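Read off the chains here:
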Amino acid sequence: MAVTISAIHNAPEAQSLGVAVVGAGYWGPNLARNFAAATGFELRWVCDVVAPRARVSSAVHAGARAAATLAVVLADPGVAAVAIATPAATHAHLVRACLEAGRHVLVEKPLACSLAEAEGLVGLARQRGLVLLCDQTYCFAPAAQRLRVLCREGALGELRHVDSVRVNRGQVRPDIDVFWDLAHHDIALLEFLLAPDDGVVAVAARGADPLGVGHSCLGTLTLYLRHGAQAHVRVSWVHPTKQRTVIVAGSRRTLVWDDLAAGPGLRMHAGIEAGADGQGDAGSTPLALPIGEPLAAVVDVFGAVIRGTCAPPIGLDAELRVLATLEAASASLAHAGAVVQVAARRTGLA
């Protein structure tokens, strides 16, 4: 996506960009910490409808002020960008308000709770020449970066299957189900790892609501990829232990990423065909990875995209494909796990 910086926020690279973080609950303080530490940003505001929470979060960072409404933040001409970490159901109207006020936006996933809403926001950002970035934090992890290179350069051979487990006893979201919350990460990771013509074409979903909250709290997805491979995703808010693993299996090599491992988190094994007779796998090989916080990389990229010095590594079209896949999953849930085709995204947004 070509980035045109609004003249009102067109500053020399040496000048810091004023930023506000909206939402001081679970994820917002992490964003505030990274913006406060980042070169090229000035954290000016932390905003939350729960005023004491905003005051506590802002007090940690010198120079940051607390606000209880977005209007206060947008009235500050020194705010060039806004980072949004509020409940998913609020994303669409908050992002739209910021874009209409001429601010660049970084928003936590999902961009919106429907594909149509998200397409409208993407169109508005492009029309206004503003940067809109959806925070796909896991795709910025060093392991994901290495996985992408190995997948794209063909080191795994032909893709055979992908398995992902993302379970824990976690926060139950009242506004979205576990698929829109947790599986969003895994679908986005697939978009990031695979070539564009290897993407998801259909999905089948099964879910359960043991807590009685009105939507799925755990479930599984089967994602059908364009060239015959499948991906399987298991997600849960009610699992007694936390697991974050991704297996990408090819004909020549298989990669296993354990995001919670104490030692090397990314290991290479023999592929499916190499190990089919039980003789081809002599163990696993750990892959060396750089150390770095993924969210810090997200913040750095956001600043670079605003300044026009790089293109976003995970563009808005990828987020729209993720949302199209999630809508197909919702349709599958409503039809007892039937296979549902992923709708082609409407064109004309660029």
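Just above, that's the structure.
To start, this report covers the structure provided alongside it. Every chain's residues receive numbers from 1 upward, in the order its sequence appears when written. With pLDDT at 70 or above as the cut-off, local features in this predicted model cover only qualifying residues; side-chain atom pairs require 80 or more to be listed or tallied, and sums for whole chains, interfaces and linings still use all residues. Working from all heavy atoms in the structure, the side-chain values ignore hydrogens and water.

This part takes up the environment of D259. Numbering of helices and strands starts at the N terminus; helices are DSSP runs of H or I of at least 4 residues and strands are runs of E of at least 2. Here D259 is to be found in the loop between strand 12 (253–258) and strand 13 (266–270). Given the relative accessible area of 33%, D259 is considered partly exposed. Between two residues, a contact is recorded if the distance between any of their heavy atoms is within 4.5 Å. Apart from residues no more than four positions distant in its own chain, D259 is found in contact with Y138 and R244. For every residue, the accessible area (1.4 Å probe, protein chains only) is compared with the maximum for its type, and the residue is labelled buried under 20%, exposed over 50%, or partly exposed between those bounds.

For the rest of this paragraph, the subject is helix 2 (residues 51–59). Among all positions in helix 2, only A54, S57 and S58 are buried. Along the axis of helix 2, the buried residues cluster in a sector spanning 95 degrees; they form a single face. Exposed side chains of helix 2 directed beyond 90 degrees from the buried face belong to V56 and A59. Packed against the buried residues of helix 2 are helix 1 (28–37), strand 2 (41–47) and strand 3 (65–67). It is the directions from the helix axis to the C-beta atoms whose arc is reported.

Next up on the list: the pattern of salt bridges. A side chain of one charge can pair with a side chain of the opposite charge if their charged atoms are brought near each other. Salt-bridge detection follows one rule: a side-chain nitrogen of Lys or Arg within 4 Å of a carboxyl oxygen of Asp or Glu. The full count for this structure, using the stated rule, is 12 salt bridges. With its nearest N and O atoms 2.8 Å apart, the salt bridge here joins E191 to R321. Of this pair, E191 sits in helix 7 (residues 178–193) while R321 sits in helix 9 (residues 316–334), and the two are 130 residues apart along the sequence. Linked through salt bridges whose partners overlap, the residues forming this network are E42, R44, R65 and D76.

What follows covers a nonpolar patch on the surface. The residues that make up patches have over 30% relative accessible area and no salt bridge, and they are joined within 9 Å when like-charged or within 5 Å when they are Val, Leu, Ile, Met, Phe, Trp or Tyr. Here, Shrake-Rupley sampling with a 1.4 Å probe gives the accessible areas, and only protein chains in the shown set may cover a residue. The grouping of V172, L211 and V213 at the surface amounts to a nonpolar patch, some 210 Å² of accessible area in total. By the secondary structure assignment, V213 is in the loop between strand 8 (200–208) and strand 9 (218–225). A residue is classified by how much of its surface remains accessible, and V213, at 37% relative accessible area, is partly exposed.

So, on to the sheet that holds strand 1 (residues 17–22). We treat two strands as partners when DSSP finds at least two bridges between them. Strand order in this open sheet of six strands is 3-2-1-4-5-6, and the pairing throughout is parallel. Edge strands, defined here as strands with exactly one partner in the open sheet, are strand 3 and strand 6 (132–135). Across this sheet, the average inter-strand angle for adjacent strands is 25 degrees, counted without regard to direction. By the bridge criterion, four bridges tie strand 4 (residues 81–84) to strand 5 (residues 104–108) in an arrangement that is parallel. The partner of A81 across the bridge, within strand 5, is H104. Packed onto the sheet, helix 2 meets strand 2 and strand 3 and runs at close to 160 degrees relative to strand 3. Helix axes are fitted only over the stretch in contact, all axes being lines through C-alpha atoms; the angle between N-to-C directions runs from 0 to 180 degrees.

Only a pair of cysteine sulfur atoms within 2.5 Å counts as a disulfide in this structure description. As enumerated under the stated definition, the model contains zero disulfides in all. Here C151 stays free of any disulfide, with the sulfur of C139 as its closest cysteine sulfur at 12 Å. The class of C151 is buried, set by a relative accessible area of 18%.

Strand order in this open sheet of nine strands is 14-13-12-11-7-10-9-8-15, and the pairing throughout is mixed. Each edge of the open sheet is held by one strand with a lone partner, namely strand 14 (285–286) and strand 15 (340–341). Relative to the sheet, helix 6 (residues 142–152) contacts strand 11 (238–250), strand 12 and strand 13, its axis offset from that of strand 12 by approximately 170 degrees. The strands touched by helix 9 are strand 8, strand 9 and strand 15; relative to strand 8, the strand with the most contacts, the crossing angle is about 50 degrees.

Following the sequence through the fold, W257 ends up in strand 12. Beyond its immediate sequence surroundings of up to four residues, W257 is in contact with Y138, A141, A143, A144, L147, L189, R244, T245, V246, G265 and L266.

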